Amino acid sequence: QDAGNHTLLTEFVLSGLSSRPELQHLLFFTICLVYSMTLIGNLLICMVTVHPALHTPMYFFLHVLSFLDISTATVVVPKMLVNLLSEDRSISYLGCVTQLYCVVFLAATEWYLLAAMAYDRYVAVCSPLRYSAIMNTRACLSLVLLSCCSGKVVSVVQTAWVFTLSLCGPRRINYFFCDIPPLIMLSCTDTSRYEKQLISATVLVIFTPFCLILLSYTCIISSILKISSAESRHKTFSTCSSHLTVVTLYCASGTLIYLQPKSSNSQDAKKILALIYTTVIPTLNPLIYSLRNKEVKEVLIRVMAVLMKK
């Protein structure tokens, strides 16, 4: 025990998605199926986007996005699947720290990457003649590196803040992975200062990129409306709408989870939202980008044909 006569936590217990025993196997097979679809879909996108026909910045960013989606699902889902079939749902203190760090890093990096993808679309539509010069290989790599570095800073700060709080128990986390809202509910000290800091971080990580994305698409839509060809307008808007769909899904789930971090009444709803952004959205991304993109579909058909011949 520590000086405050509180039990020192060395491990946590994850309550999971549901406490009802009859649902555990159903949830296991459903999530296992979704996770398999996530891996297959995103691995296919990773394979397709290295094809010579798709060597453009947009597909380079899509390649990185798919890698981040695979990583996000892999950080959360395998442990959740094990817990669904096991009575021991414990996770070590270090394991919890690592999982939180990875989840925040990947989520923040993906948000900044989505902003970079919006900038790429802005340059492609509004400055097509200068596109190759602006979005060269160095610029693309710099944007990805900047996204990763920004995500790392956010993750280090948020993880450090959470685990410097006095987490004195109970050690049961009402969630299926280590995330910020359920962890700060274990604190036995006043967390109002941290909650304000978390809201500020949410604004910085989600709303700042969202505002940049919104500004980019305002300019893009303005330019699209000036295109005389209806076919060209439809093709340009179709490419942009895929990205906007993903941004909307992330923004809706992320803000609802982190803007009210210590609201116990909405904990079950937050589990569903967290399941959406860690499991469902990574599965939807390949479908959103491939089904609405003729070039991706054509290359995907070629790749699948080659794989079937082998």
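None of the values given here were measured: they were computed from a predicted structure.

Visitor: So, the overall build of the protein: which residues are in play, and what are the values?
Guide: In terms of helices and strands, the protein carries ten helices and three strands. Against the compact-globule benchmark of 19 Å for 310 residues, the protein has a radius of gyration of 21 Å, which places it among compact chains. Principal-axis analysis of the C-alpha atoms places the extent of the protein at approximately 70 × 45 × 30 Å. Out of the 310 residues belonging to the protein, those deemed buried represent 46%. Accessible area for the protein stands at about 15600 Å²; split by element, carbon and sulfur atoms hold 67% of it. Of the side chains in the protein, 23 bear a positive and 15 a negative charge, and the two mean positions are spaced by 10 Å.

Visitor: Tell me about the side chain of Asn42, residues and numbers included.
Guide: Structurally, the position occupied by Asn42 is in helix 1 (residues 24-48). Those residues within four positions of Asn42 in sequence are excluded, and the remaining contacts are Ser66, Asp69, Ile70, Pro282 and Pro286.

Visitor: Before we move on, can you summarise the state of the cysteines with the specific residues and values?
Guide: Put plainly, a disulfide is one covalent bond tying together the sulfur atoms of two cysteines. Here the structure, examined in full by the defined rule, presents one disulfide. Two residues share a disulfide in this structure: Cys96 and Cys178, whose sulfurs sit 2.0 Å from each other. The disulfide joining Cys96 to Cys178 has a torsion of about -120 degrees about its S-S bond and is therefore left-handed. Within this pair, whereas Cys96 is found in helix 3 (residues 93-126), its partner Cys178 is found in the loop between strand 3 (172-173) and helix 6 (180-184), the two being separated by 82 residues in sequence. Residue Cys178 is classed as buried on the basis of its relative accessible area, which comes to 0%. Its sulfur unpaired, Cys149 is 6.9 Å from the next cysteine sulfur, which belongs to Cys148.

Visitor: Can you break down the pattern of salt bridges residue by residue, with the values?
Guide: Across all of its chains, the model carries three salt bridges by this definition. We note a salt bridge from Glu11 to Arg171, for which the minimum N-O separation is 2.8 Å. Separated by 160 residues along the polypeptide, Glu11 in strand 1 (residues 11-14) and Arg171 in the loop between helix 5 (137-164) and strand 3 bring together distant segments of the chain. Given the relative accessible area of 30%, Glu11 is considered partly exposed. Where Arg20 meets Glu22, a salt bridge forms, and the shortest distance between an N and an O atom there is 2.9 Å.

Thresholds applied
Residues numbered from 1 in each chain as written. Predicted model: local features only at pLDDT ≥ 70, side-chain atom pairs only at ≥ 80, totals over all residues. Heavy atoms only, no water. Helix = DSSP H or I, 4+ residues; strand = E, 2+ residues; numbered from the N terminus. Rg over C-alpha atoms; globule rule 2.2 N^0.38 Å. Buried < 20%, exposed > 50% of the residue type's maximum accessible area, 1.4 Å probe, protein only. Areas by Shrake-Rupley, 256 points an atom, 1.4 Å probe, with all protein chains shown as cover. Lys, Arg positive; Asp, Glu negative; His and termini not counted. Charge placed at Lys NZ, Arg CZ, Asp CG, Glu CD. Contact = heavy atoms within 4.5 Å. Disulfide = S-S within 2.5 Å. Salt bridge = Lys/Arg side-chain N within 4 Å of Asp/Glu carboxyl O.

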